[in-house]
Amino acid sequence: MRGSRSRGGSFLYTEGSREELKKLVFSLCSAEGVAGCEENAAALAEALLRRYTDRISRSPLGSVTAMLGEGERCLLLDAHLDQIGLVVTNLLERGFLRFSRCGGIDRRVLIGKPVVILGRRRVRGIISSIPPHLAKAADDKLPEMEEMMIDTGLAEDELKELVVPGDRILIE
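Everything in this summary refers to the structure shown in the same document.

What counts as what
Residues numbered from 1 in each chain as written. Predicted model: local features only at pLDDT ≥ 70, side-chain atom pairs only at ≥ 80, totals over all residues. Heavy atoms only, no water. Helix = DSSP H or I, 4+ residues; strand = E, 2+ residues; numbered from the N terminus. Buried < 20%, exposed > 50% of the residue type's maximum accessible area, 1.4 Å probe, protein only. Contact = heavy atoms within 4.5 Å. Core = buried A, V, L, I, M, F, W, Y, C linked by side-chain atoms within 4.5 Å. Polar contact = N/O pair within 3.5 Å; in protein donor to acceptor, adjacent residues only side chain to side chain. Axes fitted to C-alpha atoms, helices over the stretch in contact; angles between N-to-C directions. Parallel < 35°, antiparallel > 145°, perpendicular 65-115°, else oblique. Left-handed = near helix turned anticlockwise from the far one by under 90°. Nonpolar A, V, L, I, M, F, W, Y, C, P; charged D, E, K, R; others polar.

### Observations regarding the overall build of the protein chain
Per the secondary structure count, the protein chain includes three helices and 10 strands. The order of α-helices and β-strands along the protein chain, N terminus first, is β-β-α-α-β-β-β-β-β-β-β-α-β. Buried residues in the protein chain amount to 32% of all 172 residues. Pairs at least 24 apart in sequence give 57% of the contacts found in the protein chain among residues at least 6 apart.

Pasting the structure below:
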């Protein structure tokens, strides 16, 4: 937010500050931090906000608090650091894996979604289920979470080197 800092961490807003605030909020909202693994999102929030104030603190649970300005006018930016995602529960044959919810997500939006598994290295995949031609005749309904899987396209051995149960999964 183009402007200047005054004593005590107060911030003097200028014409360009609205667009810069918008960029700041978009950067904060795009930070990767699946529930249970918010450290990267917290570190980014702290680094971005430090450009505007030195009055930043972190709670023992990872919350980031930044104080900008003083006086009658103030702005509260209050948000969750974490995002809804998934968690690896089991590695399967041929580069597939099982997963579970990490936060509240509606299974209706998952089939066909690209994902990024945050393992030893980032692994891309796509959420799938049993193909219709292999499913039971009566199974024309939406699959349960336990029936869905992620296809990484990797060999089984390579997947086991990169991903373990408990790794978080970003939904793109």
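### Observations concerning the side chain of serine 128
Relative to the helices and strands, serine 128 is located in strand E8 (residues 122-128). Apart from residues no more than four positions distant in its own chain, serine 128 is found in contact with Phe96, Ile111, Met148, Met149 and Asp151.

### Focus on the nonpolar core
Counting residues in hydrophobic clusters, the biggest one holds 19 residues, and the most contacted among them are Leu97, Phe99, Ile117, Ile127, Ile150, Val163 and Ile169. Those elements that provide at least two residues to this core are strand E5 (85-91), strand E6 (96-102), strand E7 (114-118), E8 and helix H3 (156-162). With three residues, E5 is the single largest residue contributor to this core. If we skip the residues at most four places from it in the chain, isoleucine 150 touches Gly95, Phe96, Leu97, Phe99, Val115, Ile117, Gly125, Ile126, Ile127 and Ile169. In this structure, Ala35, Val87, Cys102 and Leu170 belong to the second largest nonpolar core, which totals six residues.

### Here we look at the side chain of threonine 152
With respect to the helices and strands, the residue threonine 152 is situated in the loop between strand E9 (149-151) and H3. At 2.6 Å, the side chain of threonine 152 forms a polar contact with the backbone oxygen of glycine 95. Within the structure, the side chain of threonine 152 is placed 3.2 Å from the backbone nitrogen of leucine 154, a separation counted as a polar contact. Non-local contacts of threonine 152, meaning those with residues more than four positions away in its chain, are made with Gly95, Leu97, Ile117, Val123, Arg124, Gly125 and Leu159.

### Considerations on the packing of helix H1 (residues 17-29) against helix H2 (residues 39-50)
At their nearest, the axes of H1 and H2 sit 9 Å apart, and the two run at 165° to each other. The angle between H1 and H2 falls in the class roughly antiparallel. H1 and H2 meet at a crossing whose hand is right-handed. Only Leu44, Ala45, Leu48 and Leu49 of H2 make contact with H1, whose side of the interface consists of Leu24, Ser27 and Leu28. Split by residue class, the contact of H1 with H2 holds six nonpolar, one polar and no charged.

### Notes on the environment of glycine 85
Within the element layout of this structure, glycine 85 appears in strand E5. Residue glycine 85 is classed as buried on the basis of its relative accessible area, which comes to 0%. A C-alpha to C-alpha distance of 9.3 Å links glycine 85 and valine 115, two positions 30 residues apart in sequence.

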